[in-house]
Number of protein chains: 2
Amino acid sequence: MRNDRILLSHGEGGKRTRDLIAEVIARHFDNPVLSPFLDAGLLGRIEGEIAFTTDGYVVTPPFFPGGDIGRLAVCGTVNDLAVCGAKAVAISCGLILEEGLPADTLTRALSSMREAAAEAGVFVACGDTKVVETGKGDGIFITTAGVGVLAAGWKPAPGKVRPGDRILLTGTMGDHQIAVLIARKGLSIEAPVRSDVAPLSGLLLPLVGRFGGKVRFMRDPTRGGVGVTLNEMAAAAGARFVLEEARLPVREPVRGVCEILGFDPLYLANEGKAVLIVDGDAAEEILAALREHICGKEAAVIGEVTEGAPGVRMRTAVGGLRAVDYPVGDQLPRIC
Amino acid sequence: MRNDRILLSHGEGGKRTRDLIAEVIARHFDNPVLSPFLDAGLLGRIEGEIAFTTDGYVVTPPFFPGGDIGRLAVCGTVNDLAVCGAKAVAISCGLILEEGLPADTLTRALSSMREAAAEAGVFVACGDTKVVETGKGDGIFITTAGVGVLAAGWKPAPGKVRPGDRILLTGTMGDHQIAVLIARKGLSIEAPVRSDVAPLSGLLLPLVGRFGGKVRFMRDPTRGGVGVTLNEMAAAAGARFVLEEARLPVREPVRGVCEILGFDPLYLANEGKAVLIVDGDAAEEILAALREHICGKEAAVIGEVTEGAPGVRMRTAVGGLRAVDYPVGDQLPRIC
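Residues numbered from 1 in each chain as written. Chains lettered and ligands numbered in written order. Predicted model: local features only at pLDDT ≥ 70, side-chain atom pairs only at ≥ 80, totals over all residues. Heavy atoms only, no water.

Points about the overall build of chain A
Next up, step 1: Scanning chain A from terminus to terminus reveals eight helices and 14 strands.
Next up, step 2: A globule of 336 residues ought to have a C-alpha radius of gyration of about 20 Å, and chain A, at 21 Å, matches this closely.
Next up, step 3: With respect to the principal axes defined by its C-alpha atoms, chain A has extents near 65 × 50 × 30 Å.
Next up, step 4: The buried share of chain A, taken over its 336 residues, is 62%. (Helix = DSSP H or I, 4+ residues; strand = E, 2+ residues; numbered from the N terminus. Rg over C-alpha atoms; globule rule 2.2 N^0.38 Å. Buried < 20%, exposed > 50% of the residue type's maximum accessible area, 1.4 Å probe, protein only.)

Here's what the structure looks like:
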């Protein structure tokens, strides 16, 4: 259906729905769990503790340098599991398509989901497709959910965070959001920035297997960036985090776009990064382990946990200490 | 936020997002798995085989006689698990909201999800909320996924279907779709029809526990109705199904609306019904068991499995035998 478009009748449950699901969607995700077309995918027994997550993807435009909505939809859910110490076992694929969507857009997104799933070692176990009228959607929305298993006996333990712990970031900030921004219509910015969207399971799961409780807890700083994520982490841990401004890794072109447009890289979304709070004594060893992996080559210690009231502070390049809060004003919508 | 509206900034990851999630969404679903605000809900160990499903809900209007999008989003996923013999353990709640949505619409839908979840004995373990610009969505879309456990050692076995098996339907056809149709703006039809949307786990799971393999397999005839569902079941079983037109249960007001508008009740969506293929020798006993439950009071044997090429046939009231195929023409969109 390369030159075709999605019609309302593709979502009405009749022959066109059957053909779309059987010939386009299921063909992309072909596997023994999905192919019997039951109302649920039968995963069998899963040994170990189960983790469950979901995320919706409404990014515009759906294709951008370094990734697309399909890759995002797989990696985002795989990463939400990975930062909880869980290996993704199966994901779901919920599509909401707008009438008139070029079929080619759908098939490109599905191909990308398949590739990202293979990269992350996960498969699509179930799915659903709805079609809404032109003007009642925006091309393609994807909601994935993921079932994972705690692989290394490790669990997030925000309660174990204590002064002296270090804050690690696995790479540069803001690449994803700036790449999407540049791809957005009507903006005439040019900069060599690619989204960092990638599955982090290969980076994080061996790490928690090796270092156990020395890794206190992890989050992926997506929407809201490192700034919001650290605020949420500090609140969960009841701890004070102090960042070193000079240590925050940002690529030059990202910094340049931020200076022009007045964005703070601290609040820009990332889709292939994690923040880790780790035992201070093990921080250098954990940093070295992160840097051995392709997704962690630019990992850095960006701050530490100190005594004091819970919250996030930043030691600036000139030596001051300022509060890092949730942003209140307008950010950029539709970036994931 | 009763008089408020959803803003783009509710989806941007900053303070408004945090407040929406903490004060509105999490408050509705408050439970020990969701409340730590990790990237995934930790479900612990689950003994038994796992089933996993997802469904998106885009119904318009979001509130209709007998139900609403929130109740639909919970029951639909619970039912997809139930027809596979699985008891829902946890569900996810993925929201895509349109900028300008009255907050009251959101809170009503969430309240309804909470009530339906309690009714079905399941809880919301994880969620995500995105906001799209006015004109890029349609009020509220909900995508739920569900993790369930095969409760009774029973599994769908389309391969065990054989001639002499009976086809059972747990109640009347088309109530949901006609209720939504009547609620739709611009239609001046009045009829006392309420959606049948309900969780079927309480009806179906004890049944497969009691009758085991005598229940071959089950499906819930949602989008596309009993007609499409039976076609899919016949294809999966490689069997011929013959329906008795006179035995198909349809409420009088539904039949009336269908006659006026030219709909065939066989293809209308249901949200609280199941089709079962059962051992012919046990059919009457299974029918009696169904009728003991409030969701199965109007259950009926609607046909049987015969020798012959796979497909669905209908013995009409005047004695003829006609093919029941997938509908090709236009149905009604956005009914679930």
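Quick notes on empty space enclosed by the protein
Next up, step 1: In total, this model carries four cavities of 30 Å³ or more according to the counting rule given.
Next up, step 2: The computed volume of the largest cavity comes to approximately 70 Å³.
Next up, step 3: Every residue lining the largest cavity is listed: Val58, Arg223, Leu332, Pro333, Arg334, Ile335 and Cys336 of chain A together with Leu8, Gly11, Glu12, Lys130 and Val131 of chain B.
Next up, step 4: By residue class, the composition of the lining of the largest cavity is seven nonpolar, one polar and four charged. (1 Å grid on protein atoms, 1.4 Å probe; cavity = no way out; pocket = protein on both sides within 12 Å on 5 of 7 lines; lining within 4 Å. Points joined across faces, edges and corners; volume = space filled by probe spheres on them. Nonpolar A, V, L, I, M, F, W, Y, C, P; charged D, E, K, R; others polar.)

A look at the pattern of salt bridges
Next up, step 1: Taken as a whole and judged by the stated rule, the model has 42 salt bridges over all chains.
Next up, step 2: In this structure, Glu304 of chain A and Arg166 of chain A form a salt bridge, with 3.7 Å as the shortest nitrogen-oxygen distance. Pair noted here: Glu304 of chain A is in strand β12 (residues 300–306) and Arg166 of chain A is in strand β8 (residues 166–169), with a separation of 138 residues, a long-range link.
Next up, step 3: Residues Asp196 of chain A and Lys273 of chain A are paired through a salt bridge, measuring 2.8 Å at the closest nitrogen-oxygen approach. Of this pair, Asp196 of chain A sits in the loop between α4 (175–183) and α5 (201–211) while Lys273 of chain A sits in the loop between α7 (252–261) and β11 (275–278), and the two are 77 residues apart along the sequence. For the pair Asp196 of chain A and Lys273 of chain A, one class covers both residues: buried.
Next up, step 4: Here the salt bridges do not stand alone but share partners, grouping Asp55 and Arg223 of chain A together with Asp128 and Lys130 of chain B into one network. (Salt bridge = Lys/Arg side-chain N within 4 Å of Asp/Glu carboxyl O.)

Comments concerning the interface of chain B and chain A
Next up, step 1: Contacts between the two partners involve 76 residues from chain B, matched on the other side by 76 residues from chain A.
Next up, step 2: With both chains or domains summed, chain B and chain A bury close to 6,100 Å², and 60% of this area falls on carbon and sulfur atoms.
Next up, step 3: The largest per-residue losses of area from chain B upon contact with chain A belong to Asp39, Phe52 and Arg223 of chain B, which jointly make up 15% of the total buried on that side.
Next up, step 4: Of the charged contacts, one joins Arg219 of chain B and Asp39 of chain A as a salt bridge, the two residues approaching to 2.6 Å between their closest N and O atoms.
Next up, step 5: Linking chain B with chain A are 24 residue pairs in polar contact (both at pLDDT 80 or more), by the criterion used here.
Next up, step 6: Elements represented by at least two residues in the side of chain B that touches chain A include exactly α1 (15–29), β1 (41–45), β2 (49–57), α2 (69–82), β5 (86–98), β6 (123–132), β7 (140–150) and β9 (215–219) of chain B.
Next up, step 7: Taken together, the residues of the side of chain B that touches chain A break down into 35 nonpolar, 21 polar and 20 charged. (Contact = heavy atoms within 4.5 Å. Buried area = accessible area lost by both parts, 1.4 Å probe. Polar contact = N/O pair within 3.5 Å; in protein donor to acceptor, adjacent residues only side chain to side chain.)

Remarks on the relation of the copies chain B and chain A
Next up, step 1: With an RMSD of 0.0 Å, the operation that places chain B on chain A is a rotation of 180 degrees combined with a shift of 0.0 Å along the axis. Viewed as a symmetry operation, the transformation between the two copies matches a two-fold axis. Within chain B, the C-alpha atom positioned nearest to the axis of rotation is that of Gly137 of chain B, 2.1 Å from it. (Least-squares fit on C-alpha atoms with pLDDT ≥ 70 in both.)

Description of the environment of Ala88 of chain A
Residue and element names in this part refer to chain A.
Next up, step 1: Relative to the elements of secondary structure, Ala88 occurs in strand β5 (residues 86–98).
Next up, step 2: On the basis of relative accessible area, Ala88 is assigned to the buried category, the value being 4%.
Next up, step 3: Filtering out sequence-adjacent residues up to four positions away, Ala88 remains in contact with Val78, Leu81, Gly121, Val122, Val147 and Gly148.

Points about the pairing of strand β10 (residues 240–244) of chain A
All names here are of chain A.
Next up, step 1: The element β10 is extensively covered by neighbouring structure, given that four of its five residues are classed as buried.
Next up, step 2: Where β10 lies against strand β13 (residues 311–315), five bridges are found, and the strand directions are parallel. Directly across from Leu243, in β13, lies its bridge partner Met314.
Next up, step 3: With four bridges connecting them, β10 and β12 associate as antiparallel partners. Within the sheet, the bridge partner assigned to Leu243 lies in β12 and is Gly303. (Pairing = 2+ DSSP bridges.)

Brief notes about the sheet that holds strand β8 (residues 166–169) of chain B
Residue and element names in this part refer to chain B.
Next up, step 1: Taken together, seven strands build an open sheet; the order of strands is β9-β11-β8-β12-β10-β13-β14 and the sheet is mixed. In the strand order of this sheet, the two ends are held by β9 and β14 (321–323), each with one partner. When the angles between neighbouring strand axes are averaged without regard to direction, this sheet yields 25 degrees.
Next up, step 2: Relative to strand β11 (residues 275–278), β8 runs antiparallel, the two sharing four bridges. Bridging across to β11, Leu169 finds its partner in Val275. (Axes fitted to C-alpha atoms, helices over the stretch in contact; angles between N-to-C directions.)

Looking at the sheet that holds β5 of chain B
As a general point, the strands of a sheet are linked pairwise by backbone hydrogen bonds and lie either parallel or antiparallel.
Next up, step 1: Spatially, five strands are ordered β1(A)-β2(B)-β7(B)-β5(B)-β6(B) in an open sheet, and the strand pairing comes out mixed. Because the sheet does not close on itself, it has two edges, and the strands there are β1 (41–45) of chain A together with β6 of chain B. Each adjacent strand pair in this sheet contributes to an overall mean axis angle of 20 degrees, direction not counted.
Next up, step 2: As paired elements, β1 of chain A and β2 of chain B share four bridges and run antiparallel to each other. Its bridge partner being in β2 of chain B, Gly41 of chain A is matched across the sheet by Phe52 of chain B.
Next up, step 3: Across the sheet, helix α3 (residues 103–120) of chain B touches β5 and β7 of chain B, and the angle it forms with β5 of chain B is around 175 degrees.

Looking at the domain arrangement of chain A
Residues and elements named next belong to chain A.
Next up, step 1: According to the domain assignment, chain A consists of domain 1 (8–150) and domain 2 (158–323).
Next up, step 2: With centres defined by C-alpha atoms, the gap from domain 1 to domain 2 works out at 28 Å.
Next up, step 3: When the area that domain 1 buries against domain 2 is broken down by residue, the three leading residues are Pro65, Asn79 and Val83, summing to 31%.
Next up, step 4: Counting across the interface, domain 1 meets domain 2 through zero salt bridges.
Next up, step 5: Linking domain 1 with domain 2 are six residue pairs in polar contact (both at pLDDT 80 or more), by the criterion used here.
Next up, step 6: Of all the secondary structure elements, the ones that give two or more residues to the side of domain 1 that touches domain 2 are β3 (63–64), α2 (69–82), β5 and α3 (103–120).
Next up, step 7: The element contributing the most residues to the side of domain 1 that touches domain 2 is α2, with eight residues.
Next up, step 8: Across the side of domain 1 that touches domain 2, the residue classes tally to 12 nonpolar, six polar and four charged. (Domains from an automatic or database assignment.)

Some remarks on the confidence of the model for chain A
Next up, step 1: When the pLDDT values of chain A are averaged, the result is 95; 98% of them are 70 or greater.
Next up, step 2: Reported confidence for the predicted complex is 0.97 by ipTM and 0.97 by pTM. (pLDDT = per-residue confidence, 0-100.)

Notes on the packing of α2 of chain A against α3 of chain A
Residues and elements named next belong to chain A.
Next up, step 1: Contact geometry of α2 with α3 gives a least axis separation of 6 Å together with a crossing angle of 30 degrees. Where α2 crosses over α3, the two elements pack in a sense that is right-handed. Seen from α2, the contacting residues are Ile69, Gly70, Arg71, Ala73, Val74, Cys75 and Val78; seen from α3, they are Ala109, Ser112, Met113, Ala116, Ala117, Glu119 and Ala120.
Next up, step 2: Looking at the contact of α2 with α3, its residues break down into 10 nonpolar, two polar and two charged. (Left-handed = near helix turned anticlockwise from the far one by under 90°.)

What about the side chain of Asp220 of chain B?
Next up, step 1: Relative to the assigned elements, Asp220 of chain B resides in the loop between β9 and α6 (225–237).
Next up, step 2: For the buried Asp220 of chain B, no salt bridge is present, and the opposite-charge side chain at shortest range is Arg219 of chain B, 5.0 Å distant.
Next up, step 3: Apart from residues no more than four positions distant in its own chain, Asp220 of chain B is found in contact with Asp39 of chain A together with Gly76, Asn79, Asp80, Val83, Thr229, Lys273 and Ala274 of chain B. (Lys, Arg positive; Asp, Glu negative; His and termini not counted.)

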